[in-house]
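Listed below, chain by chain, are the residues.
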Amino acid sequence: MEYLEGRLEIIEGDITKLEVDAIVNAANRSLLGGGGVDGAIHRAAGPRLLEETRALGGCETGEAKITAGYDLPAGHVIHTVGPVWHGGRSDEDRLLADCYRNSLALAVENGVKTIAFPSISTGVYGFPMERATRIALGEIKEFLAGADAIERVICCTFGRKDYEVYTRVASELLG
Ligand code: AR6
């Protein structure tokens, strides 16, 4: 489904297959790989990705760092570290919003025009799906309203259930 005059698209699929300028990785602070979407991205990008992330010295929660995409169809990977869900009183909402904002700002700095996000923090890190979706879509909407450097943002959901949450929240927040 498309929203915001086609500048935001919600799809269901595997983010490692997308031909965009950058895909976002839901990484951990070591940036050395892991399970979930992080593992899938490292497998698809090949070992040169780990070589590059090793040299980055990790990443703080809410921050973002960029690398090449190597064997991925995407040109770049923007690695961001979402918050671990601790019940909602440990600044999780703000930190998750930071992930989206900082990833988009880094994308603009690097001339990225098309970017795809997974649903950060909602897997291993346990952030409630609907609450995370509201934050993701709210931050993306606000960023796109303030900057036309990014042509298209794709929210790449994994599985039908998550797709349905995203499209339901999007029709409420974005019309
Ligand atoms: N394409 C798109 N989305 C995916 C894919 C894929 N190929 N695979 C999984 N997802 P998670 P987190 C979805 O656990 O919660 C790692 O070990 C998944 O369904 O990947 O931020 C890192 O190294 C979920 O909706 O990331 C960290 O240690 C979303 O991606 C930790 O997990 C995020 O789930 C980060 O946890």
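Summarised in this report is the structure supplied together with it.

Calculation rules
Residues numbered from 1 in each chain as written. Predicted model: local features only at pLDDT ≥ 70, side-chain atom pairs only at ≥ 80, totals over all residues. Heavy atoms only, no water. Helix = DSSP H or I, 4+ residues; strand = E, 2+ residues; numbered from the N terminus. Buried < 20%, exposed > 50% of the residue type's maximum accessible area, 1.4 Å probe, protein only. Polar contact = N/O pair within 3.5 Å; in protein donor to acceptor, adjacent residues only side chain to side chain. Phe/Tyr/Trp six-rings, centres within 6.5 Å; stacked < 30°, edge-to-face > 60°.

1. Concerning the side chain of Asn25
Right, so step 1: With respect to the secondary-structure elements, Asn25 resides in strand S3 (residues 22-27).
Right, so step 2: You can call Asn25 buried: its relative accessible area is 0%.
Right, so step 3: In terms of polar contacts, Asn25 uses its side chain to reach the side chain of His79, at 3.3 Å.

2. Here we look at the packing of aromatic side chains
Right, so step 1: As enumerated under the stated definition, the model contains two aromatic pairs in all.
Right, so step 2: Ring centres 4.9 Å apart and planes at 35° place the aromatic pair Tyr100 and Phe117 in the tilted group. Of this pair, Tyr100 sits in helix H3 (residues 92-109) while Phe117 sits in strand S6 (residues 114-117), and the two are 17 residues apart along the sequence.
Right, so step 3: According to the relative accessible area criterion, Tyr100 is buried, its value standing at 1%.
Right, so step 4: On the basis of relative accessibility, which here comes to 1%, the residue Phe117 falls in the buried class.

Treat this as a map of the structure, not an account of what it does.
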